[in-house]
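Architecture at a glance
The chain contents come next:
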Amino acid sequence: MTAPVLMETALHESERAGLTLLRLHMVEEESHVDDLWDLLSVAERDRARRFARRDDAARYIVGHARLRQWLGRRLRIAPRALRFTQNAYGKPMLDGLPSPPHFNLSHSGDWVLLAIDEHGPIGVDVETIRPNMSQIDDFRSVLAPEEQHWLDRLPPGPRAQAFARTWVRKEAYIKAIGEGMSRDLKSIAIVDGADGHASLLYDENPAPAGCAWHLADVKIDAAHTACLASRGDV
Ligand SMILES: CC(C)(COP(=O)(O)OP(=O)(O)OC[C@H]1O[C@@H](n2cnc3c(N)ncnc32)[C@H](O)[C@@H]1OP(=O)(O)O)[C@@H](O)C(=O)NCCC(=O)NCCS
């Protein structure tokens, strides 16, 4: 089988100061899934086979194979030769390289997002916006008081959007710091700042303490919302 070629035209890439975000649309990626399979490790193939739903498996294959292609191209290493390890909370990272780039991935609905940062830890999250997100009561356990007050004042439509935006901001942040769902999300507050951009109001247990984080809302489409969290001080 011929080696799959990274389809630049199928990728939406934005880049600034060592930070790159790829937004992969599954409708465009679907026809590449079989070829991308060849890039996965044995462990990744085993995991892909365990998904009950085909679309979950396809998103997984696309995310991990494109990540290998992308990192391989940056590092001039064959994609299949890349080795990964993970931190205590499951955050994947490159293994066996002196100063590897940081990366993170997220998949939901029609989208797979891949983020890479040469300079510091990074987190990305994409979610499908669901109308029931306007029922904030169901989600109070993940909201800090300041976030609840802000969302309670909104009517149902904008509230669902705002909740989804808050959720991806918090997930991108906990993925950037690498602690994942081990963190109590209520202890982290992220709100709209005066300029309308995401602003980390506080993290009661910041690790590493004193870091400045930059949270960027990412435009996807009407059904999805996303956020990219990166170090603002590197
Ligand atoms: C990371 C996490 C927040 C992802 O949430 P999600 O919205 O369901 O999924 P996303 O598609 O956005 O992200 C999943 C990707 O994040 C990455 N990831 C996993 N753990 C991570 C962590 N601790 N930090 C950052 N990224 C992580 C992986 O690449 C994963 O993709 P993969 O499973 O295909 O390898 C959540 O699954 C998590 O915290 N997992 C860690 C396990 C854990 O803590 N369990 C709870 C124990 S109390």
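What comes next is a walk through the structure.

Analysis parameters
For every chain, the first residue of the written sequence is number 1, and numbering continues from 1 onward in sequence order. The predicted origin of the model limits local features to residues at a pLDDT of at least 70 and limits the giving and counting of side-chain atom pairs to 80 or more, whereas totals for whole chains, interfaces and linings rest on all residues. What makes a residue near a molecule or strand is its C-beta atom, placed from the backbone, lying within 6 Å of it. To qualify as a helix, a DSSP run of H or I must reach at least 4 residues; to qualify as a strand, a run of E must reach at least 2; elements of each kind are numbered from the N terminus. Here the term charged refers only to Asp, Glu, Lys and Arg, the term nonpolar to Ala, Val, Leu, Ile, Met, Phe, Trp, Tyr, Cys and Pro, and the term polar to all other amino acids, Gly among them. Residue ranges labeled as domains rest on an automatic or database domain assignment. Put simply, a residue is buried when 20 or more other C-beta atoms lie within 10 Å of its own C-beta and exposed when 12 or fewer do; between those, it is partly exposed, and each C-beta is set from the backbone. Only the stretch in contact is used when a helix axis is fitted, and all axes are lines through C-alpha atoms; the angle between N-to-C directions ranges over 0 to 180 degrees. For this classification, under 35 degrees means roughly parallel, over 145 means roughly antiparallel, 65 to 115 means roughly perpendicular, and everything else is oblique. Definitions for this section: a left-handed crossing has its near helix turned counterclockwise from the far helix by less than a right angle. A right-handed crossing has that turn clockwise. Residues are defined as contacting one another if the C-beta atoms placed from their backbone atoms lie within 7 Å.

**Concerning the site of the ligand**
Contacts to the ligand come from 18 residues, most closely from Gly90, Lys91, Ser106, Gly180 and Met181. Secondary-structure elements contributing two or more residues to the shell around the ligand are α4 (54–75), β5 (102–108), β7 (122–128) and α6 (156–176). When residues of the shell around the ligand are assigned to their parent elements, the largest contribution, four residues, is made by β5. Within the shell around the ligand, the residues separate by chemical class into five nonpolar, nine polar and four charged. Residues from two domains meet in the shell around the ligand; each of domain 1 (8–119) and domain 2 (125–231) gives at least three.

**Focus: unusual backbone geometry**
Unlike most non-glycine residues, Arg76 shows phi in positive territory, near 55°. Note on placement: Arg76 falls in the loop between α4 and β3 (84–86). Arg76 gets classed as exposed once you count the C-beta atoms within 10 Å, which come to 6.

**Quick word on the packing of helix α3 (residues 42–50) against α4**
Where α3 contacts α4, the two axes come as close as 8 Å, and the packing angle between them is 160°. As the angle between them shows, α3 and α4 are arranged roughly antiparallel. In this structure, the crossing between α3 and α4 has a hand that is right-handed. From α3, Glu44, Arg47 and Ala48 reach across to α4, where they touch Ala57, Tyr60, Ile61 and His64.

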